[in-house]
Amino acid sequence: MNVNEIRRQFPILDQEVNGHPLVYLDSAATSQKPLSVIQTLDEYYRGYNSNVHRGVHTLGTRATDRYEGAREKVKNFINAPSTQEVIFMRGTTTAINTVAQGYGREKVSEGDEIVITHMEHHSNIIPWQQLAKATGATLKYVPLQEDGTLSLEDVRETVTKNTKIVSIMMVSNVLGTMNPIKEITQIAHENGAIMVVDGAQAAPHMKVDVQDLDCDFFAFSGHKMGGPTGIGVLYGKKDILNKMEPIEFGGEMIDFVGLQESTWKELPWKFEGGTPIIAGAIGLGAAIDFLEEVGLEEIEKHEHHLAAYAMDKMSQIDDMTIYGPADPQERAGLVTFNLADLHPHDLATVLDAEGIAIRAGHHCAQPLMKWLNVSSTARASFYLYNTEEDIDKLVAGLVKTKEYFSDVF
């Protein structure tokens, strides 16, 4: 994997920030975009901007072909059995809310259970909180081990015959923990529950096979994998999707509209009401082409190496606390940390003055922050365009930060 060649495909990286070359270490929040994606969006708006599925003119046909072609690329990317099971949405949040409202409101009632974990992103907590409140169901949490991993024994003890939905992230956006989704899915199914997977931090970084996982739903976002913002995917098993009612109504998703009653299109269009996210979907297709040309296996290997390198270098700094699994091979390509009692926002501000972009805050994971007994943390997250040199600059920036706030240490 030629990282220097890859970096040349990301024009935003070729700039200075505050007088220093940009070091972008916030890809878990959003990734940068390769030229091929930028050019694809430009080509759509310049050359064949049109609505899809409606007109019979040339531009409309071209746009529809590219839009549905992107759906085919997503199907292959996650190894879904059919394009009917690939639904374009605004992102992971919208996808999970769709499952909570479209499936959960019909299938969950008082006395039932919904199971998640303490490490979940807010987008995989709040929809289930709201569903539990609306139905009288109980929201349960699988406890975490000391290193922020899950024990399958704890999963077995938490999931019961009363559990209707299990919803767990495949990779933690804070701890980097890679959860055993396939095994958890089996436990869920043994108890008659469905399995929902938040794949936002997995799909961009490793090969995903939804048939091998056997999950019932899988959600991810385009903007974390080199694609545009505002586009994401909900994969769902066809037999479940066919029984679900859409939660958004209007044009595009209808078959026939009468004065009192209406009927819906077949999958996947019954869940894509209104003018769809045409440019976003086409751009996501271009991002998938780019990632597959590089190779997801190579990307994952590269990120594991960067995580190991970063943990080794950062652990040599006094007063450094690193959260999550200690073995870099058991975590994704990110490192979440705190430096003594220095507030992460102060730390990130000093690093930004050096041109280094990291994330600081609660990372949309406040229950996990409480579990860690902190209010916030700093996070450096890596992607296919990052290098050891980026991490060396981060470490130098952390040392400089210690010197700047010497009175704290």
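Refer to the structure printed above.
Residues numbered from 1 in each chain as written. Predicted model: local features only at pLDDT ≥ 70, side-chain atom pairs only at ≥ 80, totals over all residues. Heavy atoms only, no water.

(A) Structural detail: the packing of aromatic side chains. In the structure shown here, the tally under the stated rule is eleven aromatic pairs. Aromatic side chains Y67 and F88 sit 5.2 Å apart centroid to centroid with 55° between the ring planes, which places their arrangement in the tilted category. Placement of Y67 in helix α3 (residues 58-78) and of F88 in strand β4 (residues 86-89) is noted, with a sequence separation of 21 residues between them. Pair check on accessibility: Y67 and F88 agree, each one buried. One aromatic cluster in this structure is built from F10, F290, Y383 and Y385. In this arrangement the basic side chain of R66 is found over the ring face of Y48, its NZ or CZ atom lying 4.8 Å from the centre. (Phe/Tyr/Trp six-rings, centres within 6.5 Å; stacked < 30°, edge-to-face > 60°. Helix = DSSP H or I, 4+ residues; strand = E, 2+ residues; numbered from the N terminus. Buried < 20%, exposed > 50% of the residue type's maximum accessible area, 1.4 Å probe, protein only. Lys NZ or Arg CZ within 6 Å of the ring centre and 35° of its normal.)

(B) A look at a negative patch on the surface. Together, E146, D147, D327 and E330 line one region of the surface with negative charge. Within the secondary structure layout, E146 lies in the loop between β6 (138-142) and α6 (152-158). You can call E146 exposed: its relative accessible area is 83%. (Patch = residues over 30% accessible without salt bridge, like charges linked within 9 Å, V, L, I, M, F, W, Y side chains within 5 Å. Areas by Shrake-Rupley, 256 points an atom, 1.4 Å probe, with all protein chains shown as cover. Salt bridge = Lys/Arg side-chain N within 4 Å of Asp/Glu carboxyl O. Lys, Arg positive; Asp, Glu negative; His and termini not counted. Charge placed at Lys NZ, Arg CZ, Asp CG, Glu CD.)

(C) Looking closely at the sheet that holds strand β5 (residues 113-117). Taken together, the seven strands give an open sheet; going across it, the order is β4-β10-β9-β8-β7-β5-β6, and neighbouring strands pair in mixed fashion. Because the sheet does not close on itself, it has two edges, and the strands there are β4 and β6. Within this sheet the neighbouring strands show an average axis-to-axis angle of 20°, counted without direction. Of the strand pairs in this sheet, strand β9 (residues 217-221) and strand β10 (residues 232-236) are connected by five bridges, and their pairing is antiparallel. Each residue of the ladder has a partner; that of F218, found in β10, is Y235. Against the sheet, helix α4 (residues 92-107) engages β4, β7 (163-169), β8 (194-198), β9 and β10, with an angle of about 155° to β9. (Pairing = 2+ DSSP bridges. Axes fitted to C-alpha atoms, helices over the stretch in contact; angles between N-to-C directions. Contact = heavy atoms within 4.5 Å.)

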